[in-house]
Amino acid sequence: MPAIDLSKAPQPAATRPEQIRNFCIIAHIDHGKSTLADRMLGITGVVDARNMRAQYLDRMDIERERGITIKSQAVRLPWRSGLDGQEYILNMIDTPGHVDFTYEVSRSLAACEGAILLVDCAQGIEAQTLANLHLAMENDLTVIPVLNKIDLPSAQPDKFAIELSKLVGCRPEDCLRVSGKSGIGVEGLLDQIVAQIPAPKGNSEGPARALIFDSVYDTYRGVVTYVRVFDGHLSPREQIQMFSTGVKHELLDIGVISPEPVSSKGLGVGEVGYLITGVKEVRQSRVGDTVTSFHRPALEALSGYEDPKPMVFSGLFPIDGDQYPLLQDALDKLQLNDAALVYEPENSAALGFGFRCGFLGLLHMEIVRERLEREFDLTLISTAPNVVYTVTTESGQELVVTNPSEYPNGKVAQVREPLVKATILSPADYIGTIMELCQQRRGSLIGMDYLSEDRVEIRYALPLAEIVFDFFDQLKSRTRGYASLDYEPIGEAEGDLVKVDILLQGEKVDAFSSIVHREKAYSYGVMMTSKLRELIPRQQFEVPIQAAIGAKIIARETIRAIRKDVLAKCYGGDISRKRKLLEKQREGKKRMKMVGRVEVPQEAFIAALSTNSDKESGKAKK
Amino acid sequence: MSQQLSFYVHIPYCAKRCGYCDFNTYTPGELKSGDLDALSSSYIDSTIREIQMASQVVGPAVVPTVFFGGGTPSLLPAAQLARVIGAIRSNFTIEQGVEITLEVNPDSVSRPFLDEIKSVGATRISMGMQSAVGSVLKTLGRTHHPESVGQAVTMARASGFEHVSVDLIYGSPGETMEDWQKSLEYALSLDIDHISAYALIVEKGTKLAAQVNRGELTMPPDDQSADKYLLADELFEAAGFSWYELSNWSKPGGQCRHNIAYWDGSFWWGVGAGAHSYFKGKRWWNVKHPGSYQERISLGQSPESCHEILTPGNLLDEFIMLQMRRREGIMHSRLNSSQLSKAEDFLCSGFLDTASWSDLRLVLNRNGRLIADRIVRELVL
């Protein structure tokens, strides 16, 4: 068993690039990436059996609970190849699996020369398998196709070897077969990584250039920055500079992860490791940015850097107004470790003081909400998620609208909304129902291909707005869970969109306003007005509930005035009970929001604003 | 000025349970014993012991009112009830013009009974009429003979009772406005000086609740209850009965002073199974089952089940809660500025009596009475 003792392996800053192989594992969720990674840690001796903890590399609790990886890590694995007997250093970079974090995946890929494309051979190729494969190919990585879970009784390696080989452009017998769980084939895989993936190339004499592919805030050490060195080298205590911010930093620590951080004499060409610069916020150490020497800076940054772009916005409000400062503080703390989270204060007449937050996507939003509620003990109402619209008013002014209440009141000449290309993989049986769902959501078919006799890939262009609200749940339920979804932004398109307002007694309730497609405006109006009629208790006066587009009313309901309360008797034995009821109602009143003269209980807001993703996360918690 | 203490005496026995009843009462079947006489005798022994215990706690006091409620007090022999009055008399000082009320079931009350109870000091009779319409009575699980009420009233008057009251219930499933009007007119045709009228409340665990849940019976709409209340008030006032509390009307001199004691913060001792008491800022209530009640007493222990000591906040809440139900209302001087300003809103919305307002009193008018609970809630905040 060709594991090398770490102390005798080639050391960082003293490893020749020819000895290095940088690779990542890309796979669909649950196809066994983390288990395989665990196995590799074990086989190379980096983590001995006693310390092996399932899925060692996943740090956050939420990730563990959901069985997904959000943040990537990098581990340095020493390995003696079974094919040539030489010593090598394999740097394994574990990538996030979810569509919301595509940018981070792409930067992790940019740090590698090769990728293991892992496919569960009991499940087959899924949407994210494809999406990540395309990313890998865009980055010119060498792809090693690997079929996983061959130990399962339901495994069909031969069948999927054929599909996979067509995809990657190799022969079916070139697809490796492994079981991350039992270890079968993993040694051979490590040997193939050495054999197939090219060694890194770079200018060791040139000015230092290192790519930041991850950046994580640690309470004790501050921000830990993960880098891959392309040119030159970085040494301890060196003065460095970040290209995008131009800020100078000192390298307080530099080293590799094996699997815990180990300080080293530096990092050379092709090496992967971490830096500690003393910065306290991940925003100061940005994924995709280039690190260079301060005293001898490189002229050009490595390519591919992008500022994170929030796609989905939602208003977050503390149910108890007193918790507003706590929410502010919590968001500030979360932001330390979340470069993509944006937020600014928002004041809603209905919901009080809160924040309008921007997220990379629905999963990002859910994770943030859950962390706020769980780690910071906050109880929040969130408004229905909305996307970003570009509105051109009649006077030619262009506005970016992240909050429906910012939508201009006057006439608009044009509204543009973000579009995505959705890739859906599914058994062929469900083509009809999938197409029906996409048409309903204003989709236009881009194309359809059969991956095999019974599996199809369908591509649709859809407005992002149609995806943020329960599209995924619908897809799953129509296909009995078999379909998988991935999507990527493909720009904007003009849409026939309008803003629907909800009015109580003539007063607009900003929390309920929504930007919808004109054809859906009426049904949205009817849905909200009747929902609210059920949820809002009768008042001493009649309450008209209206849905309107501009000044035009499109739906209405009325809550009749209440003429009579329950007039119960009140004798000696009733007094205590009645008084306690009054006390309870007094408490309840504090949770009442006033919209003009109308008393709206908090529960009504929550129920009216609940989206299916809320209901889903509610279910998940149980 | 000697202290005053009213008495409430609970008689937890009924021949049968009405469909809407959730009071602390037991039928012979529920008690697994048929011999009401034996049962009641030992029960009364216990109540007498409790009265003795009360005098230990309270010391000397003048008793202005006594109220026998239940259950069906008239199920017991008059002699047993007389023993209770006797016990109060020997342990305390009964006021000269004391009011002693007895609840009776019009179906089962007799002239001899009424004579006897009058002779031992009872001054007021109250009976449950509920409705004059057979079908409504059937829904409520009451007797099919509405005329028995008239007969009972006549008997009570003949026995010499100056004060006779009937209870009415409106809003039963299936009751029309006409049905209600009939009941009102029937009640007003009787020689009575006090009427109580309540909206039917379907309490959990009652037979009626089960029927409504199963869909066998449908409750009438809320708004119809409002109309029924207004009709009652209109007819009562026209017949010389004035409202003095949300659900109570009387002719001059006919107010039930015992009930007023509940609403004006006076003290009273509740004797018997499940009875509630109020004395010097403490509210408490006794164990409910007559068997448990008697057991406690026989061991020389207090039959108290639970209690609460009222905080100043509680007292204030109760003051507003109870006073708003009365015609006297609340003096402006008793309210703080934010309460007063809320009251002004109600005045402007037409829920308060304007004449009383000019007299610096907060009094509900007819529309206000319909939403009394809501108004109290606002003021108490």
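Structure report, in brief. Position labels on residues start from 1 in each chain and follow its written sequence. Chain letters start at A and ligand numbers start at 1, both assigned in the order the entries are written. At least 70 in pLDDT is required for a residue's local features to be given in this predicted model, at least 80 for side-chain atom pairs to be given and counted, and no such filter applies to totals for whole chains, interfaces and linings, which use all residues. Calculated side-chain values reflect all of the structure's heavy atoms, with hydrogen atoms and water omitted.

A word on the overall build of chain A
Right, so step 1: Each helix and strand in chain A was counted, giving 15 helices and 32 strands.
Right, so step 2: Each residue is placed in one exposure class: buried if its accessible area under a 1.4 Å probe, protein chains only, is under 20% of its type's maximum, exposed if it is over 50%, and partly exposed if it falls in between. Classification of the 622 residues of chain A by burial places 56% in the buried group.
Right, so step 3: The contact definition used throughout considers only heavy atoms, calling two residues in contact when any of these lie within 4.5 Å. Excluding contacts between residues fewer than 6 apart, the proportion of contacts in chain A whose partners are at least 24 apart in sequence is 70%.
Right, so step 4: Surface accessibility follows the Shrake-Rupley procedure with a 1.4 Å probe radius. Residue values consider only the protein chains on display as shielding. Total accessible area on chain A is roughly 26,200 Å²; 50% of this is exposed by carbon and sulfur atoms. Counting from the N terminus, the helices are DSSP H or I runs at least four residues long and the strands are E runs at least two residues long.

Focus on the pattern of salt bridges
Right, so step 1: In the sections that follow, a salt bridge refers to a side-chain nitrogen of Lys or Arg positioned within 4 Å of a carboxyl oxygen of Asp or Glu. Throughout the structure, instances matching the rule amount to 52 salt bridges over all chains.
Right, so step 2: Of the charged contacts, one joins E346 of chain A and R356 of chain A as a salt bridge, the two residues approaching to 2.6 Å between their closest N and O atoms. In this pair, E346 of chain A is assigned in strand 16 (residues 342-348) and R356 of chain A in strand 17 (residues 352-359), connecting sequence segments ten residues apart.
Right, so step 3: Classification of R356 of chain A by relative accessible area gives buried; the value is 6%.
Right, so step 4: For K499 of chain A, the salt bridge identified is with D501 of chain A, shortest N-O distance 3.3 Å. Note on accessibility: K499 of chain A and D501 of chain A belong to one class, buried.
Right, so step 5: When salt bridges with common partners are traced through the structure, they connect R579, K580 and E583 of chain A together with R283, E308 and E318 of chain B into a single cluster.

A word on the sheet that holds strand 4 (residues 114-120) of chain A
Residue and element names in this part refer to chain A.
Right, so step 1: Spatially, the six strands line up as an open sheet ordered 2-3-1-4-5-6, and their pairing is mixed. The open sheet has two free edges, formed respectively by strand 2 (73-80) and strand 6 (176-177), since each of these has just one partner strand.
Right, so step 2: For two strands to be treated as a pair, DSSP must find at least two bridges joining them. In terms of strand pairing, strand 1 (residues 20-27) meets strand 3 (residues 87-94) through six bridges, oriented parallel. Of the residues in strand 3, the one forming a bridge with F23 is M92.
Right, so step 3: The strands touched by helix 1 (residues 33-43) within the sheet are strand 1, strand 2, strand 3 and strand 4, with strand 1 carrying the most contacts at an inclination of about 150°. Lines fitted to C-alpha atoms define the axes here, with helix axes fitted over just the stretch in contact, and angles between the N-to-C directions of these axes take values from 0 to 180 degrees.

Overview of the interface of chain B and chain A
Right, so step 1: Contact with chain B, which involves 43 residues of that partner, is made by 27 residues of chain A.
Right, so step 2: We define buried area as the total accessible area lost by two parts upon association, computed with a 1.4 Å probe and summed across both. Counting each side, the surface lost to burial between chain B and chain A is near 3,300 Å², with a carbon and sulfur contribution of 55%.
Right, so step 3: On the chain B side of the contact with chain A, D223, M321 and R374 of chain B bury the most area, a combined 18% of that side's loss.
Right, so step 4: Put simply, chain B and chain A have nine salt bridges between them.
Right, so step 5: Here R563 of chain A and D227 of chain B are joined by a salt bridge, their closest N and O atoms 2.8 Å apart.
Right, so step 6: Throughout this description, a polar contact denotes any pair of N or O atoms lying within 3.5 Å of each other; where both atoms belong to protein, one of them has to be capable of donating a hydrogen while the other can accept it, and for residues adjacent in sequence the pair is counted only when both atoms sit in side chains. Where chain B packs against chain A, one counts 16 residue pairs in polar contact (both at pLDDT 80 or more).
Right, so step 7: Secondary-structure elements contributing two or more residues to the side of chain B that touches chain A are strand 6 (194-199), helix 9 (222-238), helix 10 (257-263), strand 11 (282-286), helix 12 (312-323), helix 15 (366-370) and helix 16 (372-380) of chain B.
Right, so step 8: Asp, Glu, Lys and Arg are counted as charged, while Ala, Val, Leu, Ile, Met, Phe, Trp, Tyr, Cys and Pro are counted as nonpolar; the rest, among them Gly, fall into the polar class. Of the residues belonging to the side of chain B that touches chain A, the class tally is 24 nonpolar, six polar and 13 charged.

Things to note about the side chain of N148 of chain A
Residues and elements named next belong to chain A.
Right, so step 1: Its location among the elements puts N148 in strand 5 (residues 142-148).
Right, so step 2: Among the polar contacts listed, one links the side chain of N148 to the backbone nitrogen of G180, at a separation of 3.0 Å.
Right, so step 3: If sequence neighbours within four positions are ignored, N148 has contacts with H31, G32, L118, V119, D120, C121, V178, S179 and G180.

Digging into the pairing of strand 13 (residues 272-276) of chain A
Looking down a regular strand, the side chains alternate between one sheet face and the other.
Residues and elements named next belong to chain A.
Right, so step 1: Of all five residues that make up strand 13, five are buried, and the element is covered over most of its length.
Right, so step 2: Bridge count between strand 8 (residues 222-231) and strand 13: five bridges; the pairing is antiparallel. Paired with V224 across the bridge in strand 13 is I276.
Right, so step 3: Examined bridge by bridge, strand 11 (residues 253-257) and strand 13 share three bridges and lie antiparallel to one another. The partner of G255 across the bridge, within strand 13, is Y274.

Topic: the environment of I536 of chain A
Residue and element names in this part refer to chain A.
Right, so step 1: Tracing the chain through its elements places I536 in the loop between helix 12 (518-535) and strand 29 (543-549).
Right, so step 2: The class for I536 is buried, based on a relative accessible area of 3%.
Right, so step 3: The spacing of I536 and I559 is 23 residues in sequence and 8.1 Å in space, taken between C-alpha atoms.
Right, so step 4: When residues no more than four places from it in sequence are discounted, the contact partners of I536 are L504, I559, V598, E599 and V600.

Quick word on the packing of aromatic side chains
Both the distance between ring centres and the angle between the ring planes are used here to describe each pair of aromatic rings.
Right, so step 1: Aromatic contacts are taken between Phe, Tyr and Trp rings whose centres are within 6.5 Å, Trp giving its six-membered ring; a plane angle under 30 degrees counts as stacked, one over 60 as edge-to-face, and the others as tilted. Per the stated rule, a full pass over the model turns up 23 aromatic pairs over all chains.
Right, so step 2: Seen in terms of ring centroids, Y170 of chain B and W180 of chain B are 5.2 Å apart; in terms of plane orientation they differ by 55°. Their pairing is tilted. With Y170 of chain B in strand 5 (residues 163-170) and W180 of chain B in helix 7 (residues 177-188), this pair connects stretches of sequence that are ten residues apart.
Right, so step 3: For Y170 of chain B, a relative accessible area of 1% translates into the label buried.
Right, so step 4: Residue W180 of chain B is classed as buried on the basis of its relative accessible area of 0%.
Right, so step 5: Chaining the aromatic ring pairs together yields one cluster made of Y571 of chain A together with Y198, Y244, Y262, W263, F267, W268, Y278 and F279 of chain B.
Right, so step 6: When the NZ atom of lysine or the CZ atom of arginine is within 6 Å of a ring's centre and also within 35 degrees of its normal, the charge is said to sit over that ring. Stacked on the ring of F294 of chain A, the Lys or Arg K248 of chain A has its end atom at 4.7 Å from the ring centre.

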